[in-house]
Structures are given as structure tokens and as C-alpha cells.
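# Commentary on secondary and tertiary structure
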Amino acid sequence: MRQTGPWLRAAEGAMLLGPDGVPAPTVFAEMSALAAATGAINLGQGFPDEDGPAEVLEAAVQAIRGGANQYPPGRGTPDLRAAVAEHQARWYGLDVDPDREVLVTAGATEALAATLLALVEPGDEVVTFEPFYDAYGALIRLAGATHVTVPLRAPDFLPDEADLRAAFSDRTRVVLVNTPHNPTGRVLPVEVLRTVVELAEQFDAVIVTDEVYEHLAFAGTHVPPVTLPGARERTVSISSAGKTFNTTGWKIGWLTAPPALVEAITTVKQYLTFVNGAPFQPAIATGLRLPDAVFAGIAADLGSKQAILADGLAAAGFDVLRPDAGYFVIADAAPLGHDDARALCLELPRLVGVVGVPVSAFVRPDHVDGYRSLIRFAFCKRRSVLEEAVARLAGLAATA
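A quick note: this is a predicted structure, and the numbers were derived from the prediction, not measured.

Take the packing of helix α4 (residues 107-119) against helix α5 (residues 134-142) next. Remark: α4 packs on α5, axes separated minimally by 9 Å, with the N-to-C direction vectors making an angle of 30°. Here α5 runs roughly parallel to α4, going by the angle between their axes. The chirality of how α4 crosses α5 is right-handed. Across the interface between the two elements, Thr109, Leu112, Ala113, Leu116 and Leu117 of α4 pack against Ala135, Tyr136, Leu139, Ile140 and Leu142 of α5. Here the residues of the contact of α4 with α5 are counted per class, giving 9 nonpolar, 1 polar and no charged.

Put into C-alpha cells, the structure is as follows:
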């Protein structure tokens, strides 16, 4: 199997620019700025407003007081790499070498960036599902590759097998699989994942996974692609701690992969952040070793919050596409007479004091049909905040 591509390439022309030639802000920055300017409830960006497990926070405090404040080892502290390997064995039955098959990163986004820059070269194609987390498109362009997408269509947001097969070609270098999926909240069925592995084998592609919501499934069961027959030798599995432990600001992520792939990705990663989060790494090792009941409680808590927001959106007149996992619920504003979700999101702070993100921000401009009226709302907030947001959204019908 092909292992590496050139890791250093010019980024000129790859940056996403606005119509005036200035680098365009992300939709999250735009909507969060709108929330701050108007005092609206921010259900646009996926960050919690409550702290995670006390054991994890206390471990970070103790690490700081204990002197873990300088550069950690380049691949991550031995204890966190061991904890990641233990996690893969405990939850998925995988035997991972913590010294050769684990790399700690500055969140999942850096892991994705380093992986794509290491493995992809101009002329290659990277396949993703669409809608897709906005960083994917930018990182693929920075790597000089071509982005090929497979649509996930409402209401079930599952790929058509013919579309999936048609997306692969002899130029396919990477297939990037996000499950549980952002923004749809769908846990991809094992049948879909088996087809992905089959196609990756057929076209000698690397499977790269984004599994940051792996412990946040409250409906359905998350199956890591790497556990399927034929996947292990060609899969880079990426996850992070921020979403699970409500520590998004710590930016502690990791990847596991065969040694040759880890070596190639490490070569790039050392020129990105080099290292990060020394006192947070032992804290996340503590988190990964928490009892099963803690993880179950985290998922159940999110499930109950999802119900508050989803039920409220439905009562306000939206068609609600309920998720299996993650932080977000998608609502269709068309029944309220709003066919342009982006325009509505720009008005929502003034109309009812709530911010959401249009799903069109997660698709290509020429692919917005079918997504135009959809809005992503975050439910990873305190119950009181969600209840207030629901009360405000109830008045939206009166403004239609």
C-alpha cells in the first residue's frame, strides 16, 4: 500500500478567500460574533457551557502544580499514549502499540491537517461525505488535493451506495469518514462502513476517521471503521477529548495508525504545533480511564438535552431531524415559511435572540439545493439555557 506523499507543499492559493480577496471568517466565528454583539443565546458553535468531570479538572490542576508546564515529548506523554492504547482495547478490542501507533495532537483538527499534508499530494482526490465539517474543505485545498463529496440527504442523512461507489477512482488517496457525523448527528451504519472499507481496498486508499463524538451516541451504536475486516492496515483513526469531557479549550487530540503512517504524520506534526498542552495530557489520561458509567452518563445527559431542544423546535414549527449522537440537531425552517436558512440565521438574533448555523455552510456553494432551509442548533448547553432558547424560538411563528 502507498504510505506517504510529500509533506511540505506551498499553501499559496489554497486559503479560502471572501469576494474582496480577504481571508473569509468561518461561519462559527461569524455567528458567534453576532451572538456576542446582540446578546443572543449562542446555539451556533459547538462548545459546552458546563465543566466536565471533576476528576479530569483536578488532574490538570495537580499537573500544573507538579511542574508539568514545559514541552512534553513530541508524540505525547507516555501515560497519555498508554491511556489511548488502553482506551482502544477497552472499548473496541484493538491492540495498539502506545510507542509506535499513537500520536497526541493539538485537537482532532491538527491531527486531520497533519494527516492530509503527510499523505496527500496535488492530483490526489479526497472523498468525504457532504455536509462536511468546514475544516475538511480548507485542509484538502491546503494539501493541494481535489475534494470529492458523497451527499447525505435529508431526512435520514445516509449515503446512496451508488453515489458512494461513484466517488472513488484511481486518483482517490484518502476517504475521510466522520462518524458520528457533524453536522447531521448520524451514526453511520456498519453496512456503509463496510462499503467504505471495500472501496478503500479496491482503490488502495487510506481511510482517515474523525470520531470526536465517539462517546456521545445516545441512539445507535458507534462502530469505528478500523475494527472492520481489511481496515486496520490502512486506517488513521482520529479522536479528541474536548467533546467528551467538556474541555474543548484544552485541544488534546490523538490518532492511532500503523507505524509507517504515524511516522509520516509525525514528520508534519512537528512543524505545526510541535507539542501542546503539557498539563492537560495527564488530565485526559485520567479521563480516558474513568469508569464506563461516567461515559454512559455523559451520553445520556446529552440525549436528554437533545430532547429539550428538539421538542422545542418542533413545537415552534420546525421540522426536526433528530440526531443519533453528538452536539447538534438539524431543523428545517421551510414549514415556517423560511427557505433561506442563512438569511434566517442572520435575522434570528434580532427576531428571537437565538443564534444557529445554516447547514449550507457545510456544503459546497453549488450543492446547497436540499440543504438551503436547514439550520444546525447546538444542545451542548445548560438545561436552563436550552429552555430559555426554546421559549424564545416559540415566538418565531409570529414573525413569519
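Across the sheet, which stays open at both edges, the 7 strands sit in the order β2-β8-β7-β6-β5-β3-β4 with mixed pairing between neighbours. A single partner strand is all that each edge strand has here, and the edge strands are β2 (102-105) and β4 (146-151). Looking at each pair of strands side by side, their axes are set apart by 20° on average, direction ignored. When strand β6 (residues 206-210) meets strand β7 (residues 235-240), the two strands line up parallel, connected through 4 bridges.

Before going further, it helps to spend a moment on the side chain of Asn178. Counting through the fold element by element, Asn178 comes out in strand β5 (residues 172-178). With a relative accessible area of 3%, Asn178 lands in the buried category. Separated by 2.9 Å, the side chain of Asn178 and the backbone nitrogen of Asn182 make a polar contact. One polar contact links the side chain of Asn178 to the main-chain carbonyl oxygen of Asp210, over a distance of 3.0 Å. Apart from residues no more than four positions distant in its own chain, Asn178 is found in contact with Tyr136, Leu188 and Asp210.

We now examine the nonpolar core. Val236, Ile284, Phe318 and Phe377 are the most contacted members of the largest nonpolar core, which has 100 residues in total. With 9 residues, α4 is the largest single contributor of residues to this core. Phe318 has contacts with Leu313, Ala331, Asp332, Ala333, Leu336, Ile375 and Leu396, leaving out every residue within four places of it along the chain. Core analysis: the next-biggest nonpolar cluster, separate from the first, contains 30 residues, Ala167, Val177, Val359 and Val363 among them.

Applying the stated rule across the entire model yields 22 salt bridges. Here Arg81 makes a salt bridge to Asp99, at a shortest N to O gap of 3.2 Å. Of this pair, Arg81 sits in helix α3 (residues 78-92) while Asp99 sits in the loop between α3 and β2, and the two are 18 residues apart along the sequence. On the basis of relative accessibility, which here comes to 8%, the residue Arg81 falls in the buried class. The exposure class assigned to Asp99 is exposed, which follows from its relative accessible area of 51%. Members of the salt-bridge network, linked through shared partners, are Glu50, Asp301, Lys305 and Arg383.

We now examine the pairing of β5. With respect to burial, β5 is a largely interior element, 7 of its 7 residues being buried. For strand β3 (residues 125-130) and β5, the ladder comprises 4 bridges, and the chain directions are parallel. When the bridges of β5 are listed, Glu125 appears paired with Thr172. The sheet contact formed by β5 and β6 spans 5 bridges and is parallel. In the strand pairing of β6, Leu176 is matched with Val208.

All right, on to α5 then. Along α5, the positions that sit buried rather than exposed are Asp134, Ala135, Tyr136, Gly137, Leu139 and Ile140. Looking at the buried residues of α5, the elements they touch are α1 (27-38), α4, β3, β4, β5 and β6. Following α5 by one or two positions, Gly144 has its phi on the positive side, about 80°.

This part is about the sheet that holds strand β12 (residues 357-358). Spatially, β9-β10-β13-β12 is the arrangement adopted by the 4 strands of the open sheet, whose pairing is antiparallel. Strand pairing shows two members of the sheet lacking a second neighbour, β9 (319-321) and β12, which therefore form its edges. On the sheet, helix α12 (residues 341-351) packs against β12 and β13 (374-378) and is oriented at approximately 45° with respect to β13.

Moving on to the packing of aromatic side chains. Applying the stated criterion across every chain, the model contains 11 aromatic pairs. Between Phe168 and Phe203, the ring centres sit 6.0 Å apart and the planes meet at 35°, which makes this aromatic pair tilted. Note that Phe168 is positioned in the loop between α6 (161-167) and β5 and Phe203 in the loop between α7 (190-202) and β6, a separation of 35 residues in sequence. Phe203 carries the same exposure label as Phe168, and that label is buried. When the centroid spacing of 6.1 Å and the interplanar angle of 80° are considered together, the rings of Phe318 and Phe377 count as edge-to-face. Of the two residues, Phe318 is situated in the loop between α11 (292-316) and β9 and Phe377 in strand β13; the sequence distance between them amounts to 59 residues. Among the residues examined, Phe318 registers a relative accessible area of 3% and is labelled buried.

Another aspect to go through is the environment of Gln281. With respect to the secondary-structure elements, Gln281 resides in helix α10 (residues 280-288). Of the residues examined, Gln281 reaches a relative accessible area of 1% and is grouped as buried. Residues Gln281 and Val104 lie 177 residues apart in sequence; the distance between their C-alpha atoms is 8.7 Å. Beyond its immediate sequence surroundings of up to four residues, Gln281 is in contact with Pro72, Gly76, Thr77, Leu80, Val104, Ile252 and Asn276.

What follows deals with the confidence of the model for the protein chain. Atomic detail in the predicted coordinates should be set aside for any region of low pLDDT. Scored by pLDDT, the protein chain comes out at a mean of 93, with 93% of its residues at no less than 70. Segment residues 4-17 is flagged for pLDDT under 50; beyond a separation of four residues in sequence, or across chains, it makes 37 contacts in the model.

Quick notes on the rules
Residues numbered from 1 in each chain as written. Predicted model: local features only at pLDDT ≥ 70, side-chain atom pairs only at ≥ 80, totals over all residues. Heavy atoms only, no water. Axes fitted to C-alpha atoms, helices over the stretch in contact; angles between N-to-C directions. Helix = DSSP H or I, 4+ residues; strand = E, 2+ residues; numbered from the N terminus. Parallel < 35°, antiparallel > 145°, perpendicular 65-115°, else oblique. Left-handed = near helix turned anticlockwise from the far one by under 90°. Contact = heavy atoms within 4.5 Å. Nonpolar A, V, L, I, M, F, W, Y, C, P; charged D, E, K, R; others polar. Pairing = 2+ DSSP bridges. Buried < 20%, exposed > 50% of the residue type's maximum accessible area, 1.4 Å probe, protein only. Polar contact = N/O pair within 3.5 Å; in protein donor to acceptor, adjacent residues only side chain to side chain. Core = buried A, V, L, I, M, F, W, Y, C linked by side-chain atoms within 4.5 Å. Salt bridge = Lys/Arg side-chain N within 4 Å of Asp/Glu carboxyl O. Phe/Tyr/Trp six-rings, centres within 6.5 Å; stacked < 30°, edge-to-face > 60°. pLDDT = per-residue confidence, 0-100.

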